[in-house]
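Residue strings, one per chain:
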Amino acid sequence: AQRVTQPEKLLSVFKGAPVELKCNYSYSGSPELFWYVQYSRQRLQLLLRHISRESIKGFTADLNKGETSFHLKKPFAQEEDSAMYYCALIRSFGAGTTVTVRA
Amino acid sequence: DAGITQSPRHKVTETGTPVTLRCHQTENHRYMYWYRQDPGHGLRLIHYSYGVKDTDKGEVSDGYSVSRSKTEDFLLTLESATSSQTSVYFCAMSPGQDPQETQYFGPGTRLLVL
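First things first, this report covers the structure right here in the doc. Everything numeric here is computed off the predicted structure, so don't read it as measured data.

1. Some words on the interface of chain B and chain A
How large an interface is tends to be reported as the accessible area lost when its parts come together.
So, step 1. Counting residues at the interface gives 20 residues for chain B, matched by 18 residues for chain A.
So, step 2. The interface formed by chain B and chain A contains zero salt bridges.
So, step 3. At the boundary of chain B with chain A, the tally comes to seven residue pairs in polar contact (both at pLDDT 80 or more).
So, step 4. Looking at the side of chain B that touches chain A, the elements that each hand over two or more residues are β4 (31-38) and β5 (42-51) of chain B.
So, step 5. Among the elements that make up the side of chain B that touches chain A, the one with the highest residue count is β5(B) (four residues).
So, step 6. A class-by-class count of the residues in the side of chain B that touches chain A yields 10 nonpolar, eight polar and two charged.

Below you can see the structure in the form of structure tokens.
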């Protein structure tokens, strides 16, 4: 069985500060992990996926198999980053983290 | 975004009535999913489909049924709606070469069961 845990429901940071969203997973196979984002009044959309190793909108995420984590990071948060973020493993989603970036 | 749509977008219904939500895609994607989104729970999978007439249960399937008679349509039915089924329902699709693929989401349906 797979499980995704996002321990932080809410995260508030100042503009320009670093932001890190935590994601831990349990899965016996080789995981394919995703981060999805939902901006206000918009549908969920892919932010990035583990396999592509891309940096999207300044966000990166590293898969750490030893710690079973896939934390999302951005060195300098922007106001437009305010949104709900979901970590996902196949068809299992975490509970989501609401990020608010304050001016 | 227009590749996957949901109808209705908003619905208010009464306890005990049947409700059907429709998801329609124009991408010929193999996989389709129904999730519900609730505060504190995130997205939870209700049912999914891996082809016409091929469906399987998700984490929270009790009280829900689905049908997929055509590639482009995936219907979610609440046989007898209850207040606990008040939620936002999202449909999603993925191409189907690999179960571990990016999902593309519809705009959501807000359902209120009184």
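After that view of the structure, there is still more to cover.
2. Digging into the pattern of salt bridges
All names here are of chain B.
So, step 1. Considering all chains together, one arrives at eight salt bridges over all chains under this definition.
So, step 2. The partner of D73 in a salt bridge is R22, with the nearest N and O atoms 3.1 Å apart. On the criterion of sequence distance, the pair formed by D73 in strand β8 (residues 73-78) and R22 in strand β3 (residues 19-25) is long-range, its members being 51 residues apart.
So, step 3. For D73, a relative accessible area of 8% gives the class buried.

3. Section: the state of the cysteines
Residues and elements named next belong to chain A.
So, step 1. What the rule picks out here adds up to two disulfides over all chains.
So, step 2. Each disulfide pairs two cysteine sulfurs, and for C23 the partner residue is C87, the sulfurs being separated by 1.9 Å. As the torsion about the S-S bond is roughly -65°, the C23-C87 disulfide counts as left-handed. In this pair, C23 is assigned in the loop between β3 (19-21) and β4 (24-26) and C87 in strand β9 (residues 83-89), connecting sequence segments 64 residues apart. As far as burial versus exposure is concerned, C23 and C87 are alike and both buried.

4. Things to note about the sheet that holds strand β1 (residues 4-7) of chain B
Residue and element names in this part refer to chain B.
So, step 1. Within the open sheet, the four strands sit side by side as β1-β3-β8-β7. Their pairing is antiparallel. Of all strands in the sheet, those bounded by a partner on one side alone are β1 and β7 (64-70). On average, each strand axis in the sheet is inclined to that of its neighbour by 20°, with strand direction left out of account.
So, step 2. Where β3 meets β8, six bridges bridge the pair, whose relative direction is antiparallel. By the bridge assignment, V19 is partnered in β8 with L78.

Calculation rules
- Residues numbered from 1 in each chain as written.
- Chains lettered and ligands numbered in written order.
- Predicted model: local features only at pLDDT ≥ 70, side-chain atom pairs only at ≥ 80, totals over all residues.
- Heavy atoms only, no water.
- Contact = heavy atoms within 4.5 Å.
- Salt bridge = Lys/Arg side-chain N within 4 Å of Asp/Glu carboxyl O.
- Polar contact = N/O pair within 3.5 Å; in protein donor to acceptor, adjacent residues only side chain to side chain.
- Helix = DSSP H or I, 4+ residues; strand = E, 2+ residues; numbered from the N terminus.
- Nonpolar A, V, L, I, M, F, W, Y, C, P; charged D, E, K, R; others polar.
- Buried < 20%, exposed > 50% of the residue type's maximum accessible area, 1.4 Å probe, protein only.
- Disulfide = S-S within 2.5 Å.
- Pairing = 2+ DSSP bridges.
- Axes fitted to C-alpha atoms, helices over the stretch in contact; angles between N-to-C directions.

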